[in-house]
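# An overview of the molecular structure
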Amino acid sequence: MLDYELEEDTMGMQSIPGSVTLSKDSQNLIGISIGGGSPLCPCIYIVQIFDNTPAAKNGSLAAGDELCAVNGKTVKGRTKVEVARMIQSIKSEVTLSYNKLQADQKQGKTLDIVLKKVKHRMVENMSSSTADALGLSRAILCNDVLIKRLDELQKTANLYKGMIEHSKRMLRAFYDLSQTHKAFGDLFSVIGAREPQPKACAAFQSFGESHRTMEKYGIHLLRTCKPMLADLGTFLTKAIPDTKLTIKKYADVKFEYLSFCLKVKEMDDEEYAYATLGEPLYRVETGNYEYRLVLRCRQLARAKFAQMRSDVMVKLELLDSKHVQDLVFHLTRLVTAMATYLRNCHVQVKKAEVFPIEVDLLRTTQDYTHAHDFEDGFDDEEEGEEVEEGEEQDSVQGNAEEGGQQNNGEEFNLIDTS
């Protein structure tokens, strides 16, 4: 203990005086814990505000605030035990005078806190044996169930991704089938239009119309199932990533809260060590503002952690509910649409029972019964050509004979002349 008093080292923080009156609960408590006090610290300060207590419900007090008086009686120079007895001795309402610490949470996020967050991130995915072997302590909130939900969300995302890809391939196959039905319908209609026989024409037209109707049913099926892909895509690309991002933010807040808790514990151990040795500690002798700043940051981090945890649990519950309901709804809609499509196609095929189609081959566009006429004409032409060729040959021979006779006469004349 020093023989002189040190000035308070406020670290640039200011205090605003205030007063609050709290009604005790059934257990004669107001819901605060205090620290500091004589003989080590020149002030009494609030260490923690407990949940669901008069002090927490009132909201005026916060961790790190200096406690100045209890029902008008100053607490300056008293120990924390004496101040606690003063508060407990009052049975109904307690009026506390305090100095509100105006602390900036950013000022408490030192490099030490950042390194502690990194440590907690590393330890989170380690087993107890591995952490002990590396000399790393594991906090109580490690292996959090909510953090492990990230793996489950990834599995769910893979499930939905596979469902979407399979649904796209299936709908593509139905589209190709519908186009095939349309092609068949057009083909049978063309055949029916060119068929001269009324019965066969009506049969082909009916069969073609049935295929065109089945193509319309296929398009209706695609339009019915298309919103299903959109909903599954929304769940995959928006709902799951948003929930995963919320869980990651929750993990960051949790690691920050654990870091401040670890910092408070280290500072407490330091105070106990110096108190045991009977040596003064500068930050304690000057008002312990650094410790009070860490206490305030821990309280704010804890409130943020509790809020984020609640938000994550609500989101996960809504996501699970949507997952179950949407999956059942979409599967029901898909099965119903496919059943309707197949039933309508079956009805169309039943209506178009036109087979066997009887076609009279004697009344087709080519009359094969007069095929011999064409053959006779062809023979006449050949005979005509042969007759003409024979006449030409006869005329040639006749000319040749006449020429021969003339030559013989000339020869005769020549003989006579000689």
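These lines cover the structure that appears in this document, whether it is placed above or below. The model shown is predicted, which means the values in this text are computed figures rather than measured ones.

A few words now on the overall build of the protein chain. A count of helices and strands for the protein chain gives ten helices and six strands. Looking at the protein chain residue by residue over its 418 residues, the buried ones come to 36%. Of all intrachain contacts in the protein chain linking residues separated by at least 6 positions in sequence, the fraction that spans at least 24 positions is 75%. For the protein chain, the accessible area works out to roughly 25,900 Å², and carbon and sulfur atoms hold 55% of it.

The subject of this paragraph is the packing of helix α6 (residues 145-194) against helix α9 (residues 289-351). Where α6 meets α9, the closest approach of the two axes is 13 Å, and the angle between their N-to-C directions is 20°. Looking at the two axes, α6 sits roughly parallel to α9. The hand of the α6/α9 crossing is left-handed. The segment α6 lies against α9, with Leu146, Arg149, Leu153, Thr156, Leu159, Tyr160, Met163, Met170, Phe174, Leu177 and His181 engaging Arg309, Val312, Met313, Leu316, Leu319, Asp320, His323, Leu327, Leu334, Met338 and Tyr341.

Mapping Ala55 onto the fold places it in helix α1 (residues 54-58). Along the chain, Ala55 and Leu29 lie 26 residues apart, while their C-alpha atoms are 9.3 Å from each other. The residues touching Ala55, leaving out its near neighbours within four places in the chain, are Leu22, Ile30, Gly31, Ile32 and Ile49.

A few words now on a nonpolar patch on the surface. A cluster of nonpolar side chains, Leu111, Val114, Leu115, Val118 and Met122, forms an exposed patch at the surface whose accessible area comes to about 480 Å². For Leu111, the position within the fold is in helix α4 (residues 111-124). By relative accessible area, which is 62% here, Leu111 ends up exposed.

Another point: the pairing of strand β3 (residues 44-49). Extensive coverage of β3 is indicated by the burial of five of its six residues. One ladder, built from five bridges, connects strand β2 (residues 32-36) with β3; its direction is antiparallel. Bridge pairing in β3 links Ile32 to Ile49. Direction of pairing for β3 relative to strand β4 (residues 66-70): antiparallel, over a ladder of two bridges. By the bridge assignment, Tyr45 is partnered in β4 with Glu66.

Quick look at unusual backbone geometry now. Here the bond from Ser38 into Pro39 is cis, since omega is 5°, no more than 30 degrees from zero. Among the structural elements, Pro39 can be located in the loop between β2 and β3. Here the phi dihedral of Asn71 falls at roughly 50°; this positive angle occurs in a residue that is not glycine. By the element assignment, Asn71 lies in the loop between β4 and β5 (73-74).

Right, let's get into helix α7 (residues 198-277). Here α7 spans 117 Å end to end across 80 residues, near enough to the 118 Å set by a 1.5 Å rise per residue. Of all the bends in α7, the greatest, near 30°, is centred on Phe235. Following α7 by one or two positions, Gly278 adopts a phi angle in the positive range, close to 75°.

With that out of the way, let us pick up the side chain of Thr243. Its location among the elements puts Thr243 in helix α7. Residue class for Thr243 comes out buried when judged on its relative accessible area of 5%. Setting aside anything within four residues of it in sequence, one finds Thr243 in contact with Leu153, Leu316 and Leu319.

Should their charged atoms come close, side chains of opposite charge can pair. Counted under the stated rule, the structure contains 19 salt bridges. We note a salt bridge from Lys100 to Asp65, for which the minimum N-O separation is 3.2 Å. Residue Lys100 is located in strand β6 (residues 93-102), and its partner Asp65 is located in the loop between α1 and β4; the two are separated by 35 residues in the primary sequence. Taking relative accessible area as the criterion, Asp65 reaches 0% and is therefore assigned buried. Across the salt bridge formed by Asp112 and Lys116, the nearest N and O atoms sit 2.7 Å from each other. With Asp112 and Lys116 both in helix α4 and four residues apart, this pair spans about one turn of that helix. Here Asp112 falls in the partly exposed class, since its relative accessible area comes to 25%. Residue class for Lys116 comes out buried when judged on its relative accessible area of 7%.

Bringing the packing of aromatic side chains into the picture now. The full count for this structure, using the stated rule, is eight aromatic pairs. Ring centres of Tyr160 and Phe235 lie 4.4 Å apart, and the angle between their planes is 25°; this geometry places the pair in the stacked category. Placement of Tyr160 in helix α6 and of Phe235 in helix α7 is noted, with a sequence separation of 75 residues between them. Relative to Phe204, the ring of Phe188 lies with its centre 6.3 Å away and its plane at 15°, an arrangement referred to as stacked. Of this pair, Phe188 sits in helix α6 while Phe204 is found in helix α7, placing the two residues 16 residues apart along the sequence. These aromatic residues form a ring-pair network of at least three members: Phe184, Phe188, Phe204 and Phe207. Directly above the ring of Tyr289 sits Arg292, whose terminal nitrogen or CZ lies 4.4 Å from the centroid.

Scoring rules and cut-offs
Residues numbered from 1 in each chain as written. Predicted model: local features only at pLDDT ≥ 70, side-chain atom pairs only at ≥ 80, totals over all residues. Heavy atoms only, no water. Helix = DSSP H or I, 4+ residues; strand = E, 2+ residues; numbered from the N terminus. Buried < 20%, exposed > 50% of the residue type's maximum accessible area, 1.4 Å probe, protein only. Contact = heavy atoms within 4.5 Å. Areas by Shrake-Rupley, 256 points an atom, 1.4 Å probe, with all protein chains shown as cover. Axes fitted to C-alpha atoms, helices over the stretch in contact; angles between N-to-C directions. Parallel < 35°, antiparallel > 145°, perpendicular 65-115°, else oblique. Left-handed = near helix turned anticlockwise from the far one by under 90°. Patch = residues over 30% accessible without salt bridge, like charges linked within 9 Å, V, L, I, M, F, W, Y side chains within 5 Å. Salt bridge = Lys/Arg side-chain N within 4 Å of Asp/Glu carboxyl O. Pairing = 2+ DSSP bridges. Expected span 1.5 Å × (residues − 1). Bend = angle between axes of the 7 residues up to and from the residue. Phe/Tyr/Trp six-rings, centres within 6.5 Å; stacked < 30°, edge-to-face > 60°. Lys NZ or Arg CZ within 6 Å of the ring centre and 35° of its normal.

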